[in-house]
Amino acid sequence: MTVYLNGEFLPKDQARISPDDRAFLFADGAYEVLRAYRGHLFRAREHWDRFDYSLKALRIASPANTDFASIASELLKRNNIADAEATVYLQVSRGAAPRKHVFPADATPTVYAFAAPFANPVEKWASGVKVITVPDQRWARCDIKSVSLLPNVLANQQAQEAGAHEAVLVRDGFALEGSLSNFAVVLDGVLHTAPRSNYILPGISRLVALGLCSALDIPVKEFPVAEADLKCAAEAMLFGTTNEVMPVVQINERKVGEGQPGPLTRKLQQAFRDYVGECQRRG
Ligand code: PLP
């Protein structure tokens, strides 16, 4: 595998990162994950804007002469996946410096990126998935896509161990989002999803899905869903770069609706797939 590190494309086993790197010592960095649909980087502009937002929020200077779009395209080419389904991961840390909490005066940000083949979760798209609810133990800046993901990792592990696809994080009684996805339910025919705030990541897939809802005349309420109301949900779904629109058919031990992907979810899922196809065609 060819990866990108600090200006160079090189075999992964030759990539060397200092043990003083602040991403290693402090999880002091930000990242992005994009889907490449046969070489087309989906909604790339929004991903770059969010990356910029995260880096600014962490006060990490965006590295000079680093064009993330070119790096992503080059990685797809060099790994022979420019015509395949793939994901691209990019990370910027504050750089390497002797371990002190305070920002180092002269560290250069470390930029690391890789691309990997990706298989669409077609079976799960068809069947729908189970999720569990877990307490949200994250900090109060979930809007920053920081590499500090330990609460997400623990929640996701708990979900896997419970035979679930995803953990839905509950803060102050509200089901806000998943460990790596946004979350929505259908209550009385209206799609409810947590509003943008410092308590959720503003997902690009969520943004696309809400745009499609508007085009399809699906009513939306950007309002946090109380955990207690989840039992009344007729449908539920996850939004995310690797999930697109993923139907949720079980929350903890309770079926959602009939325990099958619901009609509104199906409609949105298909509209998302169609939109991806349209973006690919437009290039
Ligand atoms: N929420 C969290 C916590 C995430 O980590 C992610 C993606 O990694 C999302 C939501 C979905 O965001 P996107 O649609 O941009 O992938």
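It should be emphasised that the depicted structure is a prediction, and the values quoted were computed from it without experimental measurement. (Residues numbered from 1 in each chain as written. Predicted model: local features only at pLDDT ≥ 70, side-chain atom pairs only at ≥ 80, totals over all residues. Heavy atoms only, no water.)

Quick look at the site of the ligand now. Taken together, 16 residues lie around the ligand, and Arg50, Glu177, Ile204, Ser205 and Thr241 are the ones closest in. The side chain of glutamate 177 places a nitrogen or oxygen atom 2.6 Å from a nitrogen atom of the ligand. The separation between an oxygen atom of the ligand and a polar main-chain atom of isoleucine 204 is 2.8 Å. For the ligand, the protein covers 93% of the area, taking 390 Å² as the surface of the free molecule. Of all the secondary-structure elements, those providing two or more residues to the shell around the ligand are strand E9 (174–178) and helix H6 (204–215). (Near = heavy atom within 4 Å. Polar contact = N/O pair within 3.5 Å; in protein donor to acceptor, adjacent residues only side chain to side chain. Areas by Shrake-Rupley, 256 points an atom, 1.4 Å probe, with all protein chains shown as cover. Helix = DSSP H or I, 4+ residues; strand = E, 2+ residues; numbered from the N terminus.)

Before going further, it helps to spend a moment on the side chain of glutamate 85. The topology assignment puts glutamate 85 in strand E5 (residues 85–93). Among the polar contacts listed, one links the side chain of glutamate 85 to the side chain of arginine 35, at a separation of 2.6 Å. Residues in contact with glutamate 85, not counting those within four places in the same chain, are Arg35, Ala36, Tyr37, Arg38, Ala116, Pro117, Phe118 and Asn120. (Contact = heavy atoms within 4.5 Å.)

Residue position: alanine 27 is located in the loop between helix H1 (22–26) and strand E3 (29–37). The spacing of alanine 27 and valine 147 is 120 residues in sequence and 5.7 Å in space, taken between C-alpha atoms.

Before going further, it helps to spend a moment on the pattern of salt bridges. With the rule as written, the count across this model stands at 16 salt bridges. Put simply, arginine 94 and aspartate 28 hold a salt bridge, and the shortest N to O gap is 2.7 Å. Highlighted residues: arginine 94 in the loop between E5 and strand E6 (110–117) and aspartate 28 in the loop between H1 and E3, separated in sequence by 66 residues. Accessibility expressed as a relative area gives 9% for arginine 94, which makes it buried. According to the relative accessible area criterion, aspartate 28 is buried, its value standing at 8%. (Salt bridge = Lys/Arg side-chain N within 4 Å of Asp/Glu carboxyl O. Buried < 20%, exposed > 50% of the residue type's maximum accessible area, 1.4 Å probe, protein only.)

Moving on: the sheet that holds strand E4 (residues 40–41). Taken in spatial order, the 6 strands line up as E2-E1-E6-E5-E3-E4 in an open sheet, and their pairing is antiparallel. The open sheet has two free edges, formed respectively by strand E2 (8–11) and E4, since each of these has just one partner strand. By the bridge criterion, 9 bridges tie E3 to E5 in an arrangement that is antiparallel. Bridging from a neighbouring strand, arginine 35 pairs with threonine 87 of E5. Of the strands in this sheet, strand E1 (2–5), E2, E3, E4, E5 and E6 touch helix H3 (residues 68–78), which is tilted by about 40° from E6. (Pairing = 2+ DSSP bridges. Axes fitted to C-alpha atoms, helices over the stretch in contact; angles between N-to-C directions.)

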